[in-house]
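# Descriptive analysis of the structure
Residue-level listing of the chains:
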Amino acid sequence: MTIEEIKAIIPHRYPFLLIDRIEELEEGKKVVAKKNVTVNEPFFQGHFPQEPVMPGVLIIEALAQAGAVALLSLTDFKGKTAYFGGIDKAKFRRKVVPGDTLMLEVEILKVKASAGIGKGIAYVDGKKAAEAELTFMIG
């Protein structure tokens, strides 16, 4: 799935669209997305100028955007917006820096009438960078 197809599903735009491509999608079940982290990201100006590190909260946001694509691809949720309902069990395992490719895998564990729960893991070079359980509210 291209960036234009992603933008047709989720409302995020530059500088807050944090996924570049969907590599794999099972609607309502699983998504694998890619984020190419470049030194030109606006957050690197202040985080941190001498040692650029992607903020952990933005890694979690990137996972949430990927998960939102999986949920909002379902027929019942098309045209809606996925909001954060909660973040649980977030852990950060390694720094994400310019030049890294962040692979974002989200498995949707549960879907209800207006909510979903997913388990997200972000990888760099096959190693866990971050993980979290994400609750989505659909509106």
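Refer to the preceding data block for the structure.
The sections below set out a description of the structure shown in this document. Source: prediction; values computed, not measured.

This paragraph deals with the overall build of the protein. Counting its secondary structure elements, the protein contains 2 helices and 6 strands. Tracing the protein from N to C terminus, the helices and strands come up as α-β-β-α-β-β-β-β. The C-alpha extent of the protein, read off along each of the three principal axes, is 45 × 30 × 25 Å. Counting only residues that meet the buried cut, the protein has 42% of its 139 residues in that class. Sequence separation of 24 or more characterises 61% of the internal contacts of the protein that already satisfy a separation of 6 or more. Within the structure as shown, the protein displays about 7200 Å² of accessible surface, and the carbon and sulfur contribution to it stands at 52%. Looking at the protein, you have 19 positive and 18 negative side-chain charges, and the mean spots of the two groups are 4 Å apart.

Looking at the secondary structure, you find glycine 126 in the loop between β5 (115–124) and β6 (127–138). Here glycine 126 falls in the exposed class, since its relative accessible area comes to 65%. For the pair glycine 126 and leucine 102, spaced 24 residues apart in the sequence, the C-alpha separation amounts to 9.4 Å.

Looking now at the sheet that holds strand β4 (residues 101–111). Spatial strand order, β1-β2-β4-β5-β6-β3: 6 strands in an open sheet with antiparallel pairing. Both edges of this open sheet fall to β1 (21–26) and β3 (82–92), since each of them pairs with a single strand only. Geometrically, the sheet is characterised by an average inter-axis angle of 20° between neighbouring strands, direction not taken into account. Pairing between β4 and β5: 9 bridges, direction antiparallel. Its bridge partner being in β5, methionine 103 is matched across the sheet by tyrosine 123. Helix α2 (residues 56–72) rests against β1, β2 (30–36), β3, β4, β5 and β6 of the sheet, and its axis sits at about 55° to β4.

The next point concerns the side chain of glutamate 61. Here glutamate 61 lies in helix α2. Of the buried charged residues, glutamate 61 lacks a salt bridge, with arginine 13 as the closest side chain of opposite charge at 11 Å. Glutamate 61 has contacts with His12, Phe16, Leu18 and Phe84, leaving out every residue within four places of it along the chain.

In the structure shown here, the tally under the stated rule is 10 salt bridges. Between lysine 34 and glutamate 23 there is a salt bridge, with the nearest N and O atoms lying 3.7 Å from each other. One end of the pair, lysine 34, is in strand β2; the other, glutamate 23, is in strand β1, and 11 residues separate them in sequence. Relative accessible area serves as the criterion here: at 41%, glutamate 23 is assigned to the partly exposed category.

Calculation rules
- Residues numbered from 1 in each chain as written.
- Predicted model: local features only at pLDDT ≥ 70, side-chain atom pairs only at ≥ 80, totals over all residues.
- Heavy atoms only, no water.
- Helix = DSSP H or I, 4+ residues; strand = E, 2+ residues; numbered from the N terminus.
- Buried < 20%, exposed > 50% of the residue type's maximum accessible area, 1.4 Å probe, protein only.
- Contact = heavy atoms within 4.5 Å.
- Areas by Shrake-Rupley, 256 points an atom, 1.4 Å probe, with all protein chains shown as cover.
- Lys, Arg positive; Asp, Glu negative; His and termini not counted.
- Charge placed at Lys NZ, Arg CZ, Asp CG, Glu CD.
- Pairing = 2+ DSSP bridges.
- Axes fitted to C-alpha atoms, helices over the stretch in contact; angles between N-to-C directions.
- Salt bridge = Lys/Arg side-chain N within 4 Å of Asp/Glu carboxyl O.

Any link to function would need more than the numbers given here.
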